[in-house]
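# Geometric and topological summary
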Amino acid sequence: MAADPDKYMKAPITRRQDYSPTLWSVWMNPPETLAFKAGQYVAFGVENHDKVLERAFSIVSSPYEPELEFFIEKVPEGALSPKLYELQAGDTVFMRKKAKGVFNIDVKSGHSQHFLVSTVTGIAPYISMVRTLALDLKEGRLAQPFRLVILQGVSKSNEFGYDRELIEAVGQYPWLTYIPTISRHWEDPEWSGERGRVDDLVRKYADTMDLTPKDTTVYLCGNPGMIVNVRDIMRRCGFEHAAIKEETYWAPGEGEVEY
Ligand SMILES: Cc1cc2nc3c(=O)[nH]c(=O)nc-3n(C[C@H](O)[C@H](O)[C@H](O)COP(=O)(O)OP(=O)(O)OC[C@H]3O[C@@H](n4cnc5c(N)ncnc54)[C@H](O)[C@@H]3O)c2cc1C
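Keep in mind that what you see is a predicted model, and the values were worked out from it rather than measured.

### Describing the overall build of the chain
- In terms of regular secondary structure, the chain is built from five helices and twelve strands.
- Over its C-alpha atoms the chain spans a radius of gyration of 18 Å, differing by no more than 12% from the 18 Å that the globule rule assigns to 259 residues.
- The principal-axis extent of the C-alpha atoms belonging to the chain is close to 55 × 45 × 35 Å.
- Looking at the chain as a whole, 38% of its 259 residues qualify as buried.
- Sequence separation of 24 or more characterises 73% of the internal contacts of the chain that already satisfy a separation of 6 or more.

### Observations regarding the sheet that holds strand E9 (residues 176–182)
- Pairing is parallel in the open sheet, where six strands are placed in the order E10-E9-E8-E7-E11-E12. If you trace the sheet from one side to the other, it starts and ends with strand E10 (194–195) and strand E12 (244–248), each paired once.
- Here seven bridges tie strand E8 (residues 147–154) to E9, and the two strands are oriented parallel to one another. Counted as the bridge partner of Leu151 is Ile179 from E9.

### Looking at the sheet that holds strand E2 (residues 23–28)
- Ordered by their spatial adjacency, six strands build an open sheet running E4-E3-E6-E1-E2-E5, and the pairing between neighbours is antiparallel. Two strands bound the open sheet, and with one partner strand each, they are strand E4 (51–58) and strand E5 (68–73). Within this sheet the neighbouring strands show an average axis-to-axis angle of 40 degrees, counted without direction.

### Focus on the environment of His185
- Note that His185 resides in the loop between E9 and E10.
- His185 gets classed as partly exposed once you count the C-beta atoms within 10 Å, which come to 18.
- Each C-alpha atom of the pair His185 and Arg195 lies 6.5 Å from the other, and the pair is ten residues apart in sequence.
- Among all residues touching His185, those that are not within four sequence positions of it are Trp191 and Arg195.

### So, the environment of Pro5
- By secondary structure assignment, the location of Pro5 is in the segment before strand E1 (8–20).
- We classify Pro5 as exposed; it has 8 C-beta atoms within 10 Å.
- When the C-alpha positions of Pro5 and Arg96 are compared, they lie 9.4 Å apart, and in sequence the two are 91 residues distant.

Rules used in this analysis
Residues numbered from 1 in each chain as written. Predicted model: local features only at pLDDT ≥ 70, side-chain atom pairs only at ≥ 80, totals over all residues. Helix = DSSP H or I, 4+ residues; strand = E, 2+ residues; numbered from the N terminus. Rg over C-alpha atoms; globule rule 2.2 N^0.38 Å. Buried ≥ 20, exposed ≤ 12 C-beta atoms within 10 Å, placed from the backbone. Contact = placed C-beta atoms within 7 Å. Pairing = 2+ DSSP bridges. Axes fitted to C-alpha atoms, helices over the stretch in contact; angles between N-to-C directions.

Laid out in structure tokens, this is it:
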């Protein structure tokens, strides 16, 4: 097997939770600690024709947690995600020993408001941020006042994954707001929350929640089509390029999907 032991470690899956036929979370317990910051990602994958077939995945867990957690979507025609979907507790993946990425909470600008927009699994880095900030505040590592507004768009309500955790967190933390929205509401008659894509709602929430360029950083994560649309909307609202952080999960123009 060609996996270079200097670059990869074998990480066992300890637990798995399914939300829908294509969305699930996994927990892993790698043999070496992976140093990372909330919002970063790590690449992992499986052995395939004597190579590691790997992709990047945002880390859901906080750096303070003992295990690594990921929220994954099976892309039916994809090379890796259908293989990952087959894996159960006890199976292993080859994981890079280094986490990467600069999609972290902006502490440089001095902005006190953070508008976090995502499609489906794009919620992953925001969960890590919420868990980390909550602990940092509780344990006195963070004094600066801030507000996080999370907007998550999916097609149907069984695709949120972390809605329960976020709703509970909103009840505990006055600095957090969570707005889940579904686009295929006609298939989800029980749903009484927001309807429409995040693209349709960002302007409304930016205005009503006073998320202005003066003190707000915008974060966009997930579907490339959403990222392009929302970036343009926020730019028209007066947000500077530097105040919009992006994590694009796949190349624009490829794999157009509903969200
Ligand atoms: C920084 C970063 C973080 C990421 N974090 C996550 C994460 O937390 N969870 C997660 O599930 N994925 C995440 N991704 C996407 C992930 O890396 C893979 O692209 C995804 O798992 C599909 O891989 P694949 O090999 O199955 O598909 P591929 O064979 O690579 O791609 C097949 C086709 O599907 C498109 N595609 C890729 N992903 C999707 C998708 N989600 N929906 C629709 N079409 C898609 C591709 O552009 C291509 O056209 C992240 C990507 C990046 C760059």
